[in-house]
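# Secondary and tertiary structure notes
The residues making up each chain are set out below.
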Amino acid sequence: MQKTDHICVVIPAYNVADAIESVVRGASRYVDTVFVADDGSRDATAEIAAAAGAVVIRNMENKGKGDALKKLFAAAAKAGFQAVISMDGDGQHDPEELPRFIAKHRQYPCSIVVGSRMSARKNIPRARYNSMHIARFYISYAANQFIEDTQCGYRVYPLELIGKMKLTQDLYVTESEILIKAGDLGRKIHFIRIGAIYGQIRSHFRPVLDITAITAYIISYFMVKFFVESITANNPNTYRKGNLRDKIAACKTIDLFFQTYIVSISLILQSIFALIHVLGSLLKFHNFASTRRLNHGFYRITVGSYLLPVILIIIIIEKLVGLVGLKFQYVDGFIQRYYPHLWGDRHRTF
Ligand SMILES: Nc1nc2c(ncn2[C@@H]2O[C@H](COP(=O)(O)OP(=O)(O)O)[C@@H](O)[C@H]2O)c(=O)[nH]1
Ligand SMILES: [Mg+2]
């Protein structure tokens, strides 16, 4: 395949000295420039990446994957690239899939293209698959379209689109924030199916903390989106760069307070929105345009929100029962039933 000169590969990398060389060399077969952002690795990640031919952005202090991605976007834009392909540096993303991402990008140059591992379910650890399923339910909803895998970091990002959003979140929340904002700006998000590589690879993802952070951001985003949609008609794409939600997020302390407060009253807010939704239908006022267009029923998101605490309780029961040696696996079925494969078949785009 001919190399493309307007697209480069960007790799956030943290303590991945054993894998980074083959990822950089593999990617270099398909693009001329590979950027690696290493912040504070305690091993030789940066040196090995540079020796393999990558342009290394090095930060002494560790600031997480989201911050690394933002630095990579800025570096690629400064170097004149129009789009970047992000890959993990720990070997979970096979460089041999790059030509398919590049081909899809050529077909849809204004869209984000996300890799989807959902068809490789048997390779994905159970807890991770379940959290991917719930994340997909909410993020697809907020992004106004079905996205098959919302948690995969193997993606094509058009930099012009990234420039239309203010990225306010960090760590593992940034990638969810990008999908929500791109969709809520009215952009289509495409996906291609890829394999899932887990095996012995260590992750820096902290299930409880990182899933809580992603969930809190999504809920707080939703409540603002629903508020805007509740009082406006035919307005499914509510995001604008620098809007009130972005301004709140500009200060980390205020954002934390805001997210905590909104999450604590989210069930009450959700009920109020459900009521306004019914009223809007009776009055033929086309508010909540995003859910009306998806024709998915407002009740699903309402029920889903009320059931989140129930899932937590089931997980705790599963763990306790597991401690005394019994096997009780109810959570998978519960999640699949109440957080369905949203509009999947009708909205497939691959
Ligand atoms: N620069 C940088 N990269 C990170 C950081 N945390 C994770 N990464 C990289 O982001 C990618 C995905 O992270 P990982 O912990 O494997 O998450 P998972 O694959 O979703 O379980 C890997 O290439 C990591 O090396 C970080 O703090 N800084
Ligand atoms: Mg990983």
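Residues numbered from 1 in each chain as written. Chains lettered and ligands numbered in written order. Predicted model: local features only at pLDDT ≥ 70, side-chain atom pairs only at ≥ 80, totals over all residues.

Counting its secondary structure elements, the protein chain contains 14 helices and seven strands. In terms of its C-alpha atoms, the protein chain occupies a principal-axis envelope of roughly 65 × 55 × 40 Å. Pairs at least 24 apart in sequence give 76% of the contacts found in the protein chain among residues at least 6 apart. (Helix = DSSP H or I, 4+ residues; strand = E, 2+ residues; numbered from the N terminus. Contact = placed C-beta atoms within 7 Å.)

Another point: the packing of helix H7 (residues 174-184) against helix H8 (residues 207-231). The interhelical angle for the contact between H7 and H8, taken along N-to-C directions, is 20°, at an axis separation of 10 Å. Of the possible angle classes, the one that applies to H7 and H8 is roughly parallel. Crossing hand, H7 versus H8: right-handed. Here Ser176, Glu177, Ile180 and Asp184 of H7 lie close against H8, whose contacting residues are Ile214, Tyr217, Ile218, Tyr221 and Lys225. Class assignment for the residues of the contact of H7 with H8 results in five nonpolar, one polar and three charged. (Axes fitted to C-alpha atoms, helices over the stretch in contact; angles between N-to-C directions. Parallel < 35°, antiparallel > 145°, perpendicular 65-115°, else oblique. Left-handed = near helix turned anticlockwise from the far one by under 90°. Nonpolar A, V, L, I, M, F, W, Y, C, P; charged D, E, K, R; others polar.)

Quick look at the sheet that holds strand E7 (residues 189-193) now. Strand order in the open sheet formed by seven strands is E3-E2-E1-E4-E6-E5-E7, and the pairing between neighbours is mixed. Edge positions in the open sheet fall to strand E3 (55-59) and E7, since each of these has one partner strand only. Neighbour-to-neighbour, the strand axes of the sheet open up by a mean angle of 25°, direction not taken into account. Strand direction decides the pairing type here: strand E1 (residues 7-13) and strand E2 (residues 34-39), joined by five bridges, are parallel. Paired with Val9 across the bridge in E2 is Val34. Helix H4 (residues 98-107) contacts E1, strand E4 (83-86), strand E5 (112-116), strand E6 (155-158) and E7 of the sheet and is inclined by roughly 150° relative to E7. (Pairing = 2+ DSSP bridges.)

Let's shift gears to the environment of Phe258. Residue position: Phe258 is located in helix H10 (residues 252-264). Accessibility expressed as a C-beta count within 10 Å gives 18 for Phe258, which makes it partly exposed. When residues no more than four places from it in sequence are discounted, the contact partners of Phe258 are Ser220 and Ile248. (Buried ≥ 20, exposed ≤ 12 C-beta atoms within 10 Å, placed from the backbone.)

Further remarks concern the site of ligand 1. Inspection of the region around ligand 1 gives 19 residues, with Pro12, Tyr14, Ala68, Ser203 and His204 positioned closest. Within the residue set of the shell around ligand 1, elements represented by two or more residues are E1, E2 and helix H3 (65-78). With three residues, the single largest contributor to the shell around ligand 1 is E2. Its residues assigned to classes, the shell around ligand 1 shows seven nonpolar, seven polar and five charged. (Near = placed C-beta within 6 Å.)

Taken domain by domain, the protein chain consists of domain 1 (7-203) and domain 2 (210-338). Placing the centre of domain 1 and that of domain 2 at their C-alpha centroids yields a distance of 25 Å. Taken together, the contact between domain 1 and domain 2 spans 26 residues of the former and 26 residues of the latter. Secondary structure elements with two or more residues in the side of domain 1 that touches domain 2: helix H5 (126-142) and H7. A total of 10 residues in the side of domain 1 that touches domain 2 trace back to one element, the largest contributor, which is H5. Classifying every residue of the side of domain 1 that touches domain 2 gives 13 nonpolar, eight polar and five charged. (Domains from an automatic or database assignment.)

To continue, consider the nonpolar core. Cys8, Val34, Phe35, Val36, Leu72 and Val84 are the most contacted members of the largest nonpolar core, which totals 77 residues. Mapped onto the domain boundaries, this core takes at least three residues apiece from domain 1 (7-203) and domain 2 (210-338). (Core = buried A, V, L, I, M, F, W, Y, C linked by C-beta atoms within 7 Å.)

Quick look at unusual backbone geometry now. In this model, Asn144 sits at a positive phi of 65°, which is unusual for a non-glycine residue. Considering the arrangement of structural elements, one finds Asn144 in the loop between H5 and E6. Phi at Leu171 is positive, roughly 50°, even though this residue is not glycine. With respect to the helices, strands and loops of the structure, Leu171 is situated in the loop between helix H6 (159-162) and H7.

Take the pairing of E3 next. For E2 and E3, the ladder comprises five bridges, and the chain directions are parallel. Within E3, the position partnered with Ala37 by the bridge is Ile57.

For H4, the set of buried residues is Leu98, Phe101, Ile102, Lys104 and His105. Relative to the axis of H4, the buried residues are bounded by an arc of 165° and lie together on one face. Relative to its buried face, H4 has exposed residues pointing more than 90 degrees away, namely Ala103, Arg106 and Gln107. On the buried face of H4, the contacting elements are E1, helix H1 (20-28), E4, E5, E6 and E7. (Arc of directions from axis to C-beta.)

Right, let's get into the pairing of E4. Side-chain alternation along E4 places Ala83 and Ile85 on one buried face and Val84 and Ser86 on a second face that is also buried. By the bridge criterion, four bridges tie E4 to E6 in an arrangement that is antiparallel. By the bridge assignment for E6, Ile85 is matched with Val156.

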